[in-house]
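Commentary on secondary and tertiary structure
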Amino acid sequence: MQICTSISCMVVGAEELYEHAKNTLGIGHKGVTPDGQFSLEGVECMGACSWAPAVEINYDFHHFITPEKLDKLIANLRESQ
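This report concerns the structure included in the present document. For clarity, every value in this text was computed on a predicted model and none was experimentally measured.

Some points on unusual backbone geometry
Backbone torsion omega between Ala 52 and Pro 53 reads -5 degrees, so that peptide bond is classified as cis. Tracing the sequence through the fold places Pro 53 in the loop between β3 (39-43) and β4 (55-57). If you check the backbone angles, Cys 45 has positive phi at about 55 degrees while not being a glycine. Take Cys 45: it is sitting in the loop between β3 and β4.

Written out as structure tokens, the structure reads:
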């Protein structure tokens, strides 16, 4: 999971979103969950400034992500395994 942390995303909550992801997954930057299902990385500019904050998971882009939307994405991925 990559979370854009560039200025455009930060203005609309990317920093809080990144902290939420770290707390939810229990890992830090470039960390991997114990089960190996998730990794986390803060990245600089995905080019999705108009749809910020942006998250990329397995090459799929997700836009206008809130902590609640991120929780749903994580839950759906966990269920699919």
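Observations regarding the environment of Gly 31
Tracing the backbone shows Gly 31 in strand β2 (residues 31-32). In contact with Gly 31, not counting residues within four places along its chain, are Phe 38, Ser 39 and Leu 40.

Considerations on a nonpolar patch on the surface
Together, Ile 7, Met 10, Val 11 and Val 12 make up an exposed nonpolar region whose accessible area comes to about 390 Å². Residue placement: Met 10 occurs in helix α1 (residues 7-11). Met 10 sits in the partly exposed class, given a relative accessible area of 34%.

Reading the values: the criteria
- Residues numbered from 1 in each chain as written.
- Predicted model: local features only at pLDDT ≥ 70, side-chain atom pairs only at ≥ 80, totals over all residues.
- Heavy atoms only, no water.
- Helix = DSSP H or I, 4+ residues; strand = E, 2+ residues; numbered from the N terminus.
- Contact = heavy atoms within 4.5 Å.
- Patch = residues over 30% accessible without salt bridge, like charges linked within 9 Å, V, L, I, M, F, W, Y side chains within 5 Å.
- Areas by Shrake-Rupley, 256 points an atom, 1.4 Å probe, with all protein chains shown as cover.
- Salt bridge = Lys/Arg side-chain N within 4 Å of Asp/Glu carboxyl O.
- Buried < 20%, exposed > 50% of the residue type's maximum accessible area, 1.4 Å probe, protein only.

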